[in-house]
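Tertiary structure, described
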Amino acid sequence: MAKKSTKHKIIDFAIPLLNEVGFGTITLQEIAEGLGMSRGNLTYHFKDKDALLAVIAQQMWAKIEKERIKSRTFPSFKNIHNEIQLYYKIQKEYAFIFLDPHVLRHPLIRAQFRKMTAQTIADNKAGIAFSIKLGNMKPEQLPGTYHNLAFITWMLSFFWLAQKIIRDDQTEKRVEKLVWTMLLPHFTEKGLQAFKTFFGEAYYNDLGEPFEVDISELIAF
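Residues numbered from 1 in each chain as written. Predicted model: local features only at pLDDT ≥ 70, side-chain atom pairs only at ≥ 80, totals over all residues. Heavy atoms only, no water.

The subject of this paragraph is the packing of aromatic side chains. Each pair of aromatic rings is reported with the distance of its centres and the angle of its planes. Overall, the coordinates contain 19 aromatic pairs when judged by the stated rule. Taken together, a centroid distance of 5.3 Å and an interplanar angle of 65° make the contact between Phe 98 and Phe 113 edge-to-face. Of the two residues, Phe 98 sits in helix α6 (residues 95-98) while Phe 113 sits in helix α8 (residues 107-134), which places them 15 residues apart along the sequence. The class of Phe 113 is buried, set by a relative accessible area of 5%. Centre to centre, the rings of Trp 180 and Phe 195 are 5.0 Å apart; their planes meet at 70°, and the pair counts as edge-to-face. Residue Trp 180 is found in helix α11 (residues 175-183), and its partner Phe 195 is found in helix α12 (residues 189-199); the two are separated by 15 residues along the sequence. Relative accessible area serves as the criterion here: at 2%, Trp 180 is assigned to the buried category. On the basis of relative accessibility, which here comes to 4%, the residue Phe 195 falls in the buried class. (Phe/Tyr/Trp six-rings, centres within 6.5 Å; stacked < 30°, edge-to-face > 60°. Helix = DSSP H or I, 4+ residues; strand = E, 2+ residues; numbered from the N terminus. Buried < 20%, exposed > 50% of the residue type's maximum accessible area, 1.4 Å probe, protein only.)

Positive phi is not limited to glycine here, since Asp 168 has a value of about 55°. Tracing the backbone shows Asp 168 in the loop between α10 (160-166) and α11. Judged by relative accessible area, Asp 168 falls into the exposed class, the value being 55%.

What follows concerns the layout of surface pockets. In this structure, the largest pocket encloses a volume near 290 Å³. Residue assignment for the lining of the largest pocket shows that the elements contributing at least two residues are α5 (77-93), α8 and α12. It is α12 that provides the largest number of residues to the lining of the largest pocket, a total of five residues. Its residues assigned to classes, the lining of the largest pocket comprises 10 nonpolar, four polar and one charged. Counted as a void, the second largest pocket has a volume near 210 Å³. What lines the second largest pocket is Lys 173, Arg 174, Lys 177, Leu 178, Thr 181, Asp 206, Leu 207, Gly 208 and Glu 209. (1 Å grid on protein atoms, 1.4 Å probe; cavity = no way out; pocket = protein on both sides within 12 Å on 5 of 7 lines; lining within 4 Å. Points joined across faces, edges and corners; volume = space filled by probe spheres on them. Nonpolar A, V, L, I, M, F, W, Y, C, P; charged D, E, K, R; others polar.)

Here we come to a nonpolar patch on the surface. Side chains of Phe 151, Met 155 and Phe 159 sit close together on the surface and give an oily, nonpolar patch of about 250 Å² of accessible area. Position of Phe 159 relative to the elements: it lies in the loop between α9 (145-158) and α10. You can call Phe 159 partly exposed: its relative accessible area is 37%. (Patch = residues over 30% accessible without salt bridge, like charges linked within 9 Å, V, L, I, M, F, W, Y side chains within 5 Å. Areas by Shrake-Rupley, 256 points an atom, 1.4 Å probe, with all protein chains shown as cover. Salt bridge = Lys/Arg side-chain N within 4 Å of Asp/Glu carboxyl O.)

Structural data, given as structure tokens:
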């Protein structure tokens, strides 16, 4: 196995540290101390935090593109399923980018995320259109529904980690199941059967908790 370069060691150390304390609060001095090196040695490889962010972001984009390119052959709900899982995996690995609005607005990050977001929403729309063409989804009944579903699918995926932190949710509840509960009511019988065949009856029956609310506890007369 090839020995890691100093630059790679810095990156590998910095990412979990940034995830823990945030990009805005950490200093290069603290990163250097954590690595047991001088600040001068660190700045030889990364002159400032923006230089470090640029390389980390480049690494992240490369991982995303490598995975996304595998599922670009034709639009399908399998691809949407995989993309949602990819988003969550990347969010956990680079949490400091997704959870900090200042980092999201950073010039090194913002433009690429906008481009990626537009492509993801377009892919979601293509998946819906493809399913309608196959007869797996019903034609749109209310104008705007499918456009909004394509957008909400992206939004749920992108901000899933943030909502878990806000609600202090320690469970491993999977975001793609939430997405399916929004999409499946628009499926045809043919589409539902295809879904069950592909994902299995057990998966279909375990998409979420049944809605059981006792209205008498909510309304006082």
